[in-house]
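Inside the fold
The primary structure of each chain is shown beneath.
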Amino acid sequence: MAKIYFTVEEANEWLPTLEQELHELQKLQKQAHEMSTTLQRLKSARYKKLQTETESTFLLESKLEFIDMQFRLHLQNIQASGAQLKDVDRGLVDFPAFIGEKEVLLCWKQGEKEITHYHGLDEGYAGRKPLES
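Predicted model only: the values in this text are computed from it and were never measured.

A word on the environment of Arg41. Relative to the helices and strands, Arg41 resides in helix H1 (residues 8-47). Judged by relative accessible area, which is 53%, Arg41 ranks as exposed. C-alpha separation for the pair Arg41 and Glu112, spaced 71 residues apart in sequence, amounts to 39 Å.

For the structure shown, the criterion picks out five salt bridges. The closest approach of N and O atoms between Arg72 and Asp68, which form a salt bridge, is 3.0 Å. Of the two residues, Arg72 and Asp68 both sit in helix H2 (residues 54-81), four residues apart, roughly one turn of that helix. The exposure class of Arg72 is partly exposed, given its relative accessible area of 42%. Note that Arg128 is salt-bridged to Glu112, the shortest N-O span being 3.0 Å. Linking Arg128 in the loop between strand S4 (117-119) and strand S5 (129-130) with Glu112 in the loop between strand S3 (102-109) and S4, this pair joins segments that are 16 residues apart in sequence. Using a relative accessible area of 17% as the deciding quantity, one classes Arg128 as buried.

Position of Asp94 relative to the elements: it lies in strand S2 (residues 92-99). No salt bridge forms around the buried Asp94; measuring N to O, its nearest opposite-charge neighbour Lys86 is 4.1 Å away. Within the structure, the side chain of Asp94 is placed 3.2 Å from the side chain of His119, a separation counted as a polar contact. Apart from residues lying up to four places away in sequence, Asp94 is in contact with Ala83, Gln84, Lys86, Leu105, Leu106, Cys107 and His119.

What follows concerns the pairing of S3. Relative to S3, S2 runs antiparallel, the two sharing eight bridges. Paired with Ala97 across the bridge in S3 is Val104. Where S2 hands over to S3, the hairpin turn is made up of two residues, of which Gly100 adopts a positive phi near 65°. Pairing analysis gives three bridges linking S3 to S4, with the strands arranged antiparallel. Pairing of Cys107 across the sheet is with His117, part of S4.

This brings us to the sheet that holds strand S1 (residues 84-87). In spatial order, the strands read S1-S2-S3-S4-S5; together these five strands make up an open sheet with antiparallel pairing. Edge strands, defined here as strands with exactly one partner in the open sheet, are S1 and S5. Bridge count between S1 and S2: three bridges; the pairing is antiparallel. In the sheet register, Asp87 faces S2, and the bridge partner there is Leu92.

Cut-offs used in this document
- Residues numbered from 1 in each chain as written.
- Predicted model: local features only at pLDDT ≥ 70, side-chain atom pairs only at ≥ 80, totals over all residues.
- Heavy atoms only, no water.
- Helix = DSSP H or I, 4+ residues; strand = E, 2+ residues; numbered from the N terminus.
- Buried < 20%, exposed > 50% of the residue type's maximum accessible area, 1.4 Å probe, protein only.
- Salt bridge = Lys/Arg side-chain N within 4 Å of Asp/Glu carboxyl O.
- Lys, Arg positive; Asp, Glu negative; His and termini not counted.
- Polar contact = N/O pair within 3.5 Å; in protein donor to acceptor, adjacent residues only side chain to side chain.
- Contact = heavy atoms within 4.5 Å.
- Pairing = 2+ DSSP bridges.

Structure, rendered in structure tokens:
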């Protein structure tokens, strides 16, 4: 798949969709963590010879697999747009772009109203620089 490049305006148009996708990813990640913790407790109890229903373990494992499928779908939606999800928890997304002739990444953090920063390809969030107006 060819790399997609964005203008600031094009990237800003994606922000409402990204907000929704990130919200879903964060919700699914939280659910998966909670279910994994419960599943580990159930398996640990079974290991210690306590009465545990195998059916409840199977049900949790099935739910976890479904959550994983949903998570991958939302992740693919973001990737198909050309945006690069860097951190689900912090809501960090980069958009490949050019400033002049230099290839950069427009940098956005969940909650920001619009894209106001960028960084070089080898820099991360800490290397953000403001876009010039």
